[in-house]
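Here's the letter readout for the chains.
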Amino acid sequence: MNSPTNVSRTFYSAIASALLLFSLLMSTPTNAQLSSTFYDNTCPNALNTIRTSIRQAVSRERRMAASLIRLHFHDCFVQGCDASILLSEAATSTSERTAAPNAGSARGYEVIDAAKVEVEKICPEVVSCADILAVAVRDASFAVGGPSWTVRLGRKDSTTASRAHTIGQAQCFTFSERINSNGSDIDAGFASTRTRGCRNANLAPLDLVTPNSFDNNYFKNLIQKKGLLESDQTLFSGGPTDSIVSQYSSNAATFKSDFAAAMIKMGDIIDPVTSQNGVIRRICSALN
């Protein structure tokens, strides 16, 4: 089953994709040999240090939580969770940052870089950027009211970029066709509201009610035909995911629980090559 989200968009869909992500990942084999206690002896204060750094970043801008979730999502679904997405254009000629799905929209790199700096101060060249990103996503989720989960650790960082590739906002051009379509799958009042002030680069929240909080209002919006993106509304359009949308819209606890389980499973996806030959990058955006 393919995910309904379009990875070229800044999305709450990174969170809402738990609808299909959960069912997909529960049947996806992983190559992980990870442990939640991996750094207990080599860097016992690593997780607290990352948590403090991420909380500070999210307190400055709550939207950053969605951006970090998106980074992790994109990183893991291309050759596993190996921090390849964090490599800058200067580090590699095939940087994922400039790939079509990410250019001009993926963000939060500097937040991971800052967390890495703090970790390097206490444990030089011990904690991978891939692990920092995985922990950062968990801490960012919790900071905006989402679930927490136990992160399994022990990833290595890639030395190359990959060859392919309920919070948050989307640019106007990604939903302008939908709000102007006069279609039967969009609430007329909602479309009119979104049409006003819509310019190509303007941003609009994917969840009008609580755009910067992790909750289940996104699913309630879909039932009311108020999904901002066509790929979102498809989740509730007479298809097999309707029942899941209905369940999550009425039970926020179930959504949070399923999302946490899916994030754990996604974080366990490891490329065997990277796990054997990877490195611990000193700077997340650069090669050693």
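Below is a short write-up of the structure. (Residues numbered from 1 in each chain as written. Predicted model: local features only at pLDDT ≥ 70, side-chain atom pairs only at ≥ 80, totals over all residues. Heavy atoms only, no water.)

So, on to the packing of aromatic side chains. For the structure on display, the rule yields 9 aromatic pairs. Taken together, a centroid distance of 5.2 Å and an interplanar angle of 50 degrees make the contact between Y248 and F255 tilted. When sorted by exposure, Y248 lands in the same class as F255, which is buried. Ring geometry for F255 and F259: centres 6.2 Å apart, planes at 50 degrees, overall tilted. Remark: F259 and F255 occur in helix α12 (residues 252–267); sequence separation between them is 4 residues, near one turn of the helix. A residue is classified by how much of its surface remains accessible, and F255, at 0% relative accessible area, is buried. Since its relative accessible area comes to 0%, F259 is described here as buried. One aromatic cluster is present, formed by W149, F214, Y218, F219, Y248, F255 and F259 through successive ring pairs. (Phe/Tyr/Trp six-rings, centres within 6.5 Å; stacked < 30°, edge-to-face > 60°. Buried < 20%, exposed > 50% of the residue type's maximum accessible area, 1.4 Å probe, protein only. Helix = DSSP H or I, 4+ residues; strand = E, 2+ residues; numbered from the N terminus.)

The phi dihedral of A83 is positive, around 65 degrees, even though this residue is not glycine. With respect to the element layout, A83 can be found in the loop between α4 (64–76) and α5 (109–122). Judged by relative accessible area, which is 0%, A83 ranks as buried. Phi at E125 is positive, roughly 55 degrees, even though this residue is not glycine.

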